[in-house]
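For reference, the chains in residue letters:
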Amino acid sequence: MILAFLFTIVLGSVNAGVSQGNSDVVGNWKYEVAGAPTGYEKGTLVFTEKEGKLAGEVKFADGYKIVMKDVTYEAGVVKCGLYVDYEYVSVKAKIEGTKMTGTVNTPEGEMKLSAEKQK
């Protein structure tokens, strides 16, 4: 009985690191944005969770990083924003398994985003 109790505690603590709902989005996503300026069109979206709250950053191919603002994930849709060259850019994308598709709204207009979760 004590062994079963300890086993339950260990399993619960292993899964406590990432909220069940956020586990779909947390991780590294290799992305492409067609029509984005050179240097911004490919990179990695990195989503993390700290104390039940989502956070993230964009890593561009040259190593430059930008922190995401107001990261949310509800009903299979991730939303966030970030400042790129002093301009606010918003992102809205649907997650289905290991694929993410959506839009990036920039001052120059809307662009298509596609990403795949890395293992």
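Quick note: structure is the one above.
Chains are numbered independently. Their residues run from 1 in the order of the written sequence. In keeping with the model being predicted, local features are shown solely for residues with a pLDDT of at least 70 and side-chain atom pairs are shown and tallied solely at 80 or more, while totals for entire chains, interfaces and linings include all residues. In computing side-chain properties, one takes all heavy atoms of the structure into account and sets aside hydrogens as well as water.

**Comments concerning the pattern of salt bridges**
Then comes step 1: In what follows, salt bridge is the name for a side-chain nitrogen of Lys or Arg lying within 4 Å of a carboxyl oxygen of Asp or Glu. Under the definition given, this model contains one salt bridge.
Then comes step 2: Here Lys99 and Glu116 are joined by a salt bridge, their closest N and O atoms 3.2 Å apart. Of this pair, Lys99 sits in strand S8 (residues 99-106) while Glu116 sits in strand S9 (residues 109-117), and the two are 17 residues apart along the sequence.
Then comes step 3: The cut-offs for exposure are 20% and 50% of the maximum accessible area for each residue type, with area from a 1.4 Å probe on protein chains only; residues under the lower value are buried, those over the upper are exposed, and the others partly exposed. Glu116 gets classed as partly exposed once you look at its relative accessible area, which sits at 37%. Here a helix means four or more residues in a row that DSSP labels H or I, a strand means two or more in a row labelled E, and each is numbered from the N terminus.

**Examining unusual backbone geometry**
Then comes step 1: A positive phi angle, near 55°, is found at Glu51, a position not held by glycine.
Then comes step 2: You can see Glu51 is positioned in the loop between strand S2 (42-50) and strand S3 (53-60).

**So, the packing of aromatic side chains**
Then comes step 1: Aromatic rings from Phe, Tyr and Trp, with only the six-membered ring used for Trp, were paired whenever their centres fell within 6.5 Å, and each pair was classed as stacked if the ring planes differed by under 30 degrees, edge-to-face if by over 60, and tilted otherwise. With the rule as written, the count across this model stands at three aromatic pairs.
Then comes step 2: Their ring planes at 90° and their centres at 5.0 Å tell us that Tyr40 and Phe60 sit as a pair that is edge-to-face. With Tyr40 in the loop between strand S1 (27-33) and S2 and Phe60 in strand S3, this residue pair connects regions lying 20 residues apart in the sequence.
Then comes step 3: Owing to a relative accessible area of 8%, Phe60 belongs among the buried residues under this scheme.
Then comes step 4: Ring centres of Tyr83 and Tyr88 lie 5.1 Å apart, and the angle between their planes is 65°; on these two criteria the pair is classed as edge-to-face.

**Some details on the environment of Ser114**
Then comes step 1: One can find Ser114 in strand S9.
Then comes step 2: In the structure, Ser114 is positioned 84 residues away from Lys30 in sequence and 8.5 Å away in space, judged by C-alpha atoms.

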